[in-house]
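Observations on chain architecture
These are the residues of each chain, in order.
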Amino acid sequence: MYAFKYHQPKTVRQAANLLAKFPEAKVLAGGHSLIPVMKLRLASPSDIVDINKVEGLSGVEVKGRSVVIGAMTRHFEVAGSQTLKDVLPALAGVPGSIGDPHVRHRGTIGGSVANNDPNADYPAACLGLGATIITNKRRIASDDFFTGMFSTALAPDEIIVKISFPVAKKAAYQKFKHPASGFALVGVFVSKRGPDIRVAVTGAGSNGVFRVTSFEEALKKRFSPKSIEGMTVTAEGLNTDIHASAEYRAHLIGVLARRALAAA
Amino acid sequence: MPVVSMTVNGKAVSADVDIRTLLVQYLRESLRLTGTHVGCDTSQCGACVIHLDGKAVKSCTTLAVQCEGSNVLTIEGLAAPDGPLHPMQEAFRENHGLQCGFCTPGMVMAAVDMVNRKGNELDEHTIRQELDGNLCRCTGYHNIVKSIAAGAKAMKGSSQAA
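Residues numbered from 1 in each chain as written. Chains lettered and ligands numbered in written order. Predicted model: local features only at pLDDT ≥ 70, side-chain atom pairs only at ≥ 80, totals over all residues. Heavy atoms only, no water.

**What to know about helix 1 (residues 23-30) of chain B**
Residue and element names in this part refer to chain B.
- Every buried residue of helix 1 is accounted for by Leu-23, Val-24, Tyr-26 and Leu-27. An end-on view of helix 1 places all buried positions within 165° of arc, on one side of the element.
- Residues of helix 1 that are buried sit in contact with strand 1 (3-8), strand 2 (11-16), strand 3 (49-52) and strand 5 (71-73). (Buried < 20%, exposed > 50% of the residue type's maximum accessible area, 1.4 Å probe, protein only. Helix = DSSP H or I, 4+ residues; strand = E, 2+ residues; numbered from the N terminus. Arc of directions from axis to C-beta. Contact = heavy atoms within 4.5 Å.)

Structure (structure tokens):
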């Protein structure tokens with residue numbers, strides 16, 4: 001990897017100041033997306049702002065009708081949180097399918113959401129539950145947060161501090177796992193919270209995670225796999241790569257949405 | 001170049017390193033602990049697995065400087081240099097849980113971590129699931145799975161359990 005300067009701030013404010021000062025800096029959270037791309041020389045940040053020593057960015061807690069997860073909470077901790085399993089099991093099940101045990105010991109929810117990899121699981125969970133991304137500056141609705149492949153609404157000196165997930169009465173995530181990488185070839189997160197119905201898809205869209213509004217409309221009558229029986233999504237705007245064609249991904253969206261609805 | 005200090009296998013160590021040094025390079029090149037291997041170098045194969053503050057991680061995907069003040073356990077630290085093997089190492093020997101041996105240090109460290117998290121009674125399905133992050137190109141995993149099940153049982157009550 002190329003050389004960089006290393007900073008280890010103790011507070012979010014210090015971290016944000018460093019990001020403001022060095023426009024080519026990158027935040028290092030769990031490092032399991034950033035370090036591999038730096039090793040491949042696909043990324044060459046001038047400065048690394050390592051937030052692993054910043055206090056208070058980790059943990060899972062219930063606040064009213066939401067679950068709030070600290071940005072630096074590792075996948076392993078989220079998956080093992082009894083609190084989360086009790087109140088929102090669909091979300092607790094998401095990190096257990098990311099990477100492998102060693103990756104889950106390091107990878108963080110904030111890192112995954114900020115990176116917005118088009119095949120990542122957490123963006124689907126955020127959009128599928130209508131989560132709020134809380135940064136050092138503001139609160140951002142997930143509908144406004146994910147702006148495209150590897151791109152988000154975060155300003156250069158903005159850092160995710162925590163993510164607040166409303167507790168949905170019904171929710172489930174179904175994922176067609178790429179057998180080698182474990183990434184979602186397609187993943188669908190569905191939820192129902194009062195009148196708010198969400199169907200969010202990862203792994204398929206050429207602009208990253210997105211909602212399937214036609215399914216959401218059909219599910220308003222009844223939140224059941226039957227309501228979207230026979231419905232399809234267009235392959236237009238979906239990814240084709242060596243693993244799957246856009247048509248196959250479109251097909252999987254319907255299949256996985258129905259499976260998720262059956263499981264919710 | 002900064003001095004990076006940590007505890008490795010119970011001993012305080014420090015070395016002058018370039019800031020971009022990976023933990024696995026620090027262990028192998030600065031400390032000459034070459035039991036930890038580099039297989040794929042792309043965070044997939046698990047040959048570089050060590051325990052960082054008690055948890056299995058891929059040392060090829062962690063900067064040495066991030067581990068300042070941390071406690072690291074490598075394959076060399078599992079058993080005393082002149083003492084008997086750690087029960088998990090012994091189980092790999094007994095069950096012939098390797099062929100070329102390149103992946104073995106990572107397999108053993110992952111296996112001990114598995115026992116730490118999941119206990120001493122591990123069924124085949126659990127072991128295979130949990131071995132997701134460790135690749136072996138020789139064995140077909142059969143004997144590795146057998147070794148881990150036996151080693152997990154043998155670690156029960158053993159004073160050497162890591």
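**Concerning the side chain of A:Glu216**
- Mapping A:Glu216 onto the fold places it in helix 10 (residues 213-218).
- Setting aside chain neighbours within four positions, we find A:Glu216 in contact with A:Ile197, A:Arg198, A:Val199 and A:Arg211.

**Brief notes about the domain arrangement of chain B**
Residue and element names in this part refer to chain B.
- Assigned domains within chain B: domain 1 (3-77) and domain 2 (87-155).
- The centre of domain 1, based on its C-alpha atoms, is set 21 Å off from the matching centre of domain 2.
- Between domain 1 and domain 2, the contact holds 17 residues from the first and 14 residues from the second.
- Between domain 1 and domain 2, a total of about 1200 Å² is buried, with carbon and sulfur atoms accounting for 62% of that surface.
- By the criterion of area lost to domain 2, the three top residues of domain 1 are His-37, His-51 and Ile-75, representing 41% of everything that side buries.
- Remark: the boundary between domain 1 and domain 2 carries zero salt bridges.
- Linking domain 1 with domain 2 are six residue pairs in polar contact (both at pLDDT 80 or more), by the criterion used here.
- Broken down by secondary-structure element, the contributors of at least two residues to the side of domain 1 that touches domain 2 are strand 3 and strand 4 (55-58).
- Looking at which element gives the most residues to the side of domain 1 that touches domain 2, the answer is strand 4, with three residues.
- When the residues that make up the side of domain 1 that touches domain 2 are grouped by side-chain class, the tally is seven nonpolar, eight polar and two charged. (Domains from an automatic or database assignment. Buried area = accessible area lost by both parts, 1.4 Å probe. Salt bridge = Lys/Arg side-chain N within 4 Å of Asp/Glu carboxyl O. Polar contact = N/O pair within 3.5 Å; in protein donor to acceptor, adjacent residues only side chain to side chain. Nonpolar A, V, L, I, M, F, W, Y, C, P; charged D, E, K, R; others polar.)

**Topic: the sheet that holds strand 3 of chain B**
Residues and elements named next belong to chain B.
- Within the open sheet, the five strands sit side by side as 2-1-5-3-4. Their pairing is mixed. Edge strands, defined here as strands with exactly one partner in the open sheet, are strand 2 and strand 4. On average, adjacent strands in this sheet sit at an angle of 40° to one another, irrespective of strand direction.
- Against the sheet, helix 1 engages strand 1, strand 2, strand 3 and strand 5, with an angle of about 85° to strand 1.
- Helix 3 (residues 104-118) rests against strand 3, strand 4 and strand 5 of the sheet, and its axis sits at about 40° to strand 3. (Pairing = 2+ DSSP bridges. Axes fitted to C-alpha atoms, helices over the stretch in contact; angles between N-to-C directions.)

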